[in-house]
Amino acid sequence: MLDTFNQHGFAMDLVEKTPTPFYYYDMDVLRSTIDEIKRCTAGFPFKVHYALKANGNPHIINEIMHHGLGADLVSGGELKAAIEAGFPTQDMNFSGVGKTDWEIRFGLSYDIGCFNVESVPELDVINQLAQEMGKTANIAFRVNPDIDAHTHKYITTGTADNKFGINIEVLESVINHALELPNIHLRGLHFHIGSQITIMQPFVMLCDTINGLLDHYDKRGIHFEIINVGGGLGIDYSTPDTHPLPDFESYFNTFKNHLKLRDNQELHFELGRSIVGECGTLITRVTFVKESRNKKFVILDAGMTDLIRPALYEAHHEIQNLTSRESTQAVYDIVGPVCESSDVFAHDRSLPVTHRGDLIAIRSAGAYGESMASRYNMRALPHSVFHTGN
Ligand code: LLP
């Protein structure tokens, strides 16, 4: 049977027969996103790693692995998932300020491509555990470049005030220390300045900082095999129908034009949101429409447990009524059923007049949606469906 698609591209047969709430993944959008990355990086010594934290759904990570991307990991659980999905272990990076001993040992046992090291105590523990296991640990230092990425305060990571990375002023002494450790192989420098960055200027500043560091270490005869610029490219949460693909062209051009890579040096990226953000939608059904003195509420069967971004970061997601046949609009607060006042997807949003039973799409939810779901209020975790073949 041929699928029927609504104006936003959803296969309505699949949507209508699946119990809500659920994540609907458009695998064609995911594939075109990865194709665009491949197109923009072809011919350059660039290696893109997928940040599993954005979406760890086995079906999604498996698809991404088959396209040849590496894996960026922040926990033993993610390392296990990446191994199960079949990512080559030399294409795995392990980041995070608080790697525990078992997680370090786990990474060492697979000889992963790189531990992104965030402090001297961590470096010393990695060296010691590697020694005990008769291994040499591949590492890069995560440098905190003190660049303000002009994004939400909870997702800014590259300024001197937050917990991430090694301050640039002490990098030299930390590198000197690493070069003396017998079970450490220093491969590179790592940076990550924040997430949902939609202007290129912070990335240009990052390139300038890196160029300065490379000039300095050239003089000392220290060569880095890898420069890793992290993730952070933003997506268009306001008009996902017209901009389903992030602006990879400008993003990769920024590094092509501004970063002076040396010979035998690879540029690594750790992209999460820009790879999976637009392919995922949270589909939910209206349980009730309720009117109070001043407001109309649309109460959904999805809540902050399924998608926490609006409650946690006041994040904007487009919300569409997929089944209303009404021609007039009304203004609603769109909320979930969880017993928290912050369980709100949107305030004062205009929708076609909405009724109990209507199907609602919360768009651009592929990144940090399902992966941040919780079981608060003893709710079930959302399930997922995958659509291929538009
Ligand atoms: N590399 C490192 C070291 C990171 O910390 C992150 C994200 C990434 C790569 C991937 O960044 P992306 O390309 O996705 O921007 N939950 C928040 C986002 C948290 C980002 C954490 N780090 C949200 O829903 O907006």
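Details of the structure are given in the entry above.
Residues numbered from 1 in each chain as written. Predicted model: local features only at pLDDT ≥ 70, side-chain atom pairs only at ≥ 80, totals over all residues. Heavy atoms only, no water.

1. Here's the deal with the site of the ligand
And step 1. Around the ligand, a shell composed of 17 residues is seen, among which Ser195, Glu270, Arg309, Tyr313 and Tyr368 lie nearest.
And step 2. Within the side chain of tyrosine 368, one N or O atom sits 2.6 Å away from an oxygen atom of the ligand.
And step 3. In the complex, 92% of the free accessible area of the ligand, which totals 590 Å², lies under the protein chains.
And step 4. For the shell around the ligand, the elements supplying multiple residues, two or more each, are strand S10 (266-271) and helix H11 (309-313).
And step 5. Here the shell around the ligand is composed, by residue class, of six nonpolar, five polar and six charged.
And step 6. Looking at which domains feed residues into the shell around the ligand, each of domain 1 (12-22 + 278-387) and domain 2 (27-277) gives three or more. (Near = heavy atom within 4 Å. Polar contact = N/O pair within 3.5 Å; in protein donor to acceptor, adjacent residues only side chain to side chain. Areas by Shrake-Rupley, 256 points an atom, 1.4 Å probe, with all protein chains shown as cover. Helix = DSSP H or I, 4+ residues; strand = E, 2+ residues; numbered from the N terminus. Nonpolar A, V, L, I, M, F, W, Y, C, P; charged D, E, K, R; others polar. Domains from an automatic or database assignment.)

2. Description of the nonpolar core
And step 1. Grouped together as the largest cluster of nonpolar side chains are 96 residues, with contacts concentrated most on Phe141 and Ile275.
And step 2. Among the elements that make up this core, the one with the highest residue count is helix H8 (residues 201-219) (seven residues).
And step 3. Residue contributions to this core reach at least three from each of two domains, namely domain 1 (12-22 + 278-387) and domain 2 (27-277).
And step 4. Setting aside chain neighbours within four positions, we find phenylalanine 141 in contact with Val117, Leu123, Ile166, Leu171, Val174, Ile175, Ala178, Leu186, Gly188, Leu189 and His190.
And step 5. By size, the runner-up hydrophobic cluster in this structure holds twelve residues, among which are Phe10, Met12, Ile283 and Val385. (Core = buried A, V, L, I, M, F, W, Y, C linked by side-chain atoms within 4.5 Å. Buried < 20%, exposed > 50% of the residue type's maximum accessible area, 1.4 Å probe, protein only. Contact = heavy atoms within 4.5 Å.)

3. Re unusual backbone geometry
And step 1. In this model, threonine 20 is joined to proline 21 through a cis peptide bond whose omega is -5°.
And step 2. Considering the arrangement of structural elements, one finds proline 21 in the loop between helix H1 (12-17) and strand S1 (22-26).
And step 3. Phi at glutamine 196 is positive, roughly 50°, even though this residue is not glycine.
And step 4. Note on placement: glutamine 196 falls in the loop between strand S8 (184-190) and H8.
And step 5. When its relative accessible area of 17% is taken as the criterion, glutamine 196 is described as buried.
And step 6. Unlike most non-glycine residues, glutamate 314 shows phi in positive territory, near 55°.
And step 7. Among the secondary structure elements, glutamate 314 is positioned in the loop between H11 and strand S13 (319-321).

Remember that the coordinates give geometry; whether it matters functionally is a separate question.
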